[in-house]
Structure formats: C-alpha cells, structure tokens
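The residues making up each chain are set out below.
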Amino acid sequence: MENKVSQIPEFKRYYLSEFELYDGEEFITFNIVGIDAAKNEIQIAVTDRGKISVITYDLLTDKNGRLYFEYGAMFEHVHLDDFEEVA
C-alpha cells in the first residue's frame, strides 16, 4: 500500500498530540510538531531522559492501513492513531 499522509483526516488536529512509550526503564514522550504530506514525513519532539530533540521520521503504512513511524534501535512502531490531544 502506498504511504499517503492524506489518509489522515484533518491531520492538523494532530499538532502537539502526545504519546508515551515505556522502554523498560523510562517513559519516552512524543509530541507531533508537523506533518509534511508531500514528503510523507513527520516531525516529532522526543523527550527522553530529560533531553528534548526534534526528529524527522518517515511515515509508513502497515498492512492494516495505519500510519506509523519507527523509533529506536528495535524500530518500535509508533502509530499516529495512538496519539492523544493534549488539553
């Protein structure tokens, strides 16, 4: 299946949405900063052990049509639909 950011309805609503991932030792927090539909890329602010980095990841599509990016040495799948709006 072709990667299409346009599959995300109103992808601007994801701006600064948050997701936490436990890596076995610490929680890593992801916040969506931007999505580039033309390049199929996503910019994420990653907070890991007190360090904040803004990283660009490729957006991929799994066999179920869910958009995700891969994080870390184990290429953990982080799905966009797992992110929640921060109030």
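An account of the accompanying structure is given in this report. Everything numeric here is computed off the predicted structure, so don't read it as measured data.

**A look at the overall build of the protein chain**
Link 1 in the chain: Along the protein chain, the regular secondary structure elements total 0 helices and 7 strands.
Link 2 in the chain: Reading the protein chain from its N terminus to its C terminus gives the helix and strand order β-β-β-β-β-β-β.
Link 3 in the chain: Expressed as a percentage of the 87 residues in the protein chain, the buried residues total 33%.
Link 4 in the chain: For the protein chain, long-range pairs separated by at least 24 residues make up 35% of all intrachain contacts whose partners lie at least 6 apart in sequence.

**A few points about the sheet that holds strand β6 (residues 67–71)**
Link 1 in the chain: Taken in spatial order, the 3 strands line up as β5-β6-β7 in an open sheet, and their pairing is antiparallel. What marks the edges here is a single partner per strand, and that holds for β5 (60–61) and β7 (76–79).

**Quick word on the sheet that holds strand β2 (residues 27–36)**
Link 1 in the chain: One open sheet holds the 4 strands; their spatial order is β1-β2-β3-β4, and the pairing between them is antiparallel. One side of each edge strand has no neighbouring strand; the edge strands of this open sheet are β1 (18–22) and β4 (51–58). Strand after strand, the sheet turns through a mean of 30° between neighbouring axes, direction not considered.
Link 2 in the chain: Pairing of strand β3 (residues 41–48) with β4, which is carried by 8 bridges, proceeds in the antiparallel orientation.

**Structural notes on the packing of aromatic side chains**
Link 1 in the chain: Under the criterion given, the structure shown has 8 aromatic pairs.
Link 2 in the chain: Both rings, one in Tyr 22 and one in Phe 27, keep their centres 5.0 Å apart while their planes meet at 55°; by these two values the pair is tilted.
Link 3 in the chain: Three or more aromatic residues joined by ring pairs form one cluster here, namely Phe 19, Phe 30, Tyr 57, Phe 69, Tyr 71 and Phe 83.

**Observations concerning the pattern of salt bridges**
Link 1 in the chain: Taken as a whole and judged by the stated rule, the model has 5 salt bridges.
Link 2 in the chain: In this structure, Arg 49 and Glu 25 form a salt bridge, with 3.5 Å as the shortest nitrogen-oxygen distance. With Arg 49 in the loop between β3 and β4 and Glu 25 in the loop between β1 and β2, this residue pair connects regions lying 24 residues apart in the sequence.
Link 3 in the chain: Here Arg 49 ties to Asp 48 by a salt bridge, and the two come within 2.5 Å at their closest N and O atoms.
Link 4 in the chain: Overlapping salt bridges bring together Asp 23, Glu 25, Asp 48 and Arg 49 as one network.

**Some details on the nonpolar core**
Link 1 in the chain: Within the largest apolar cluster, 17 residues are counted, with the highest numbers of intra-cluster contacts made by Phe 30, Ile 42, Ile 44, Phe 69, Tyr 71 and Phe 83.
Link 2 in the chain: Among the elements of the structure, β1, β2, β3 and β6 are those that each provide at least two residues to this core.
Link 3 in the chain: Among the elements that take part in this core, β2 stands out by supplying 4 residues, more than any other.
Link 4 in the chain: Residues in contact with Phe 83, not counting those within four places in the same chain, are Ser 17, Glu 18, Phe 19, Phe 30, Asn 31, Ile 32, Ile 44, Phe 69 and Val 78.

Conventions adopted
- Residues numbered from 1 in each chain as written.
- Predicted model: local features only at pLDDT ≥ 70, side-chain atom pairs only at ≥ 80, totals over all residues.
- Heavy atoms only, no water.
- Helix = DSSP H or I, 4+ residues; strand = E, 2+ residues; numbered from the N terminus.
- Buried < 20%, exposed > 50% of the residue type's maximum accessible area, 1.4 Å probe, protein only.
- Contact = heavy atoms within 4.5 Å.
- Pairing = 2+ DSSP bridges.
- Axes fitted to C-alpha atoms, helices over the stretch in contact; angles between N-to-C directions.
- Phe/Tyr/Trp six-rings, centres within 6.5 Å; stacked < 30°, edge-to-face > 60°.
- Salt bridge = Lys/Arg side-chain N within 4 Å of Asp/Glu carboxyl O.
- Core = buried A, V, L, I, M, F, W, Y, C linked by side-chain atoms within 4.5 Å.

Don't take any of this as a statement about function, it's just geometry.
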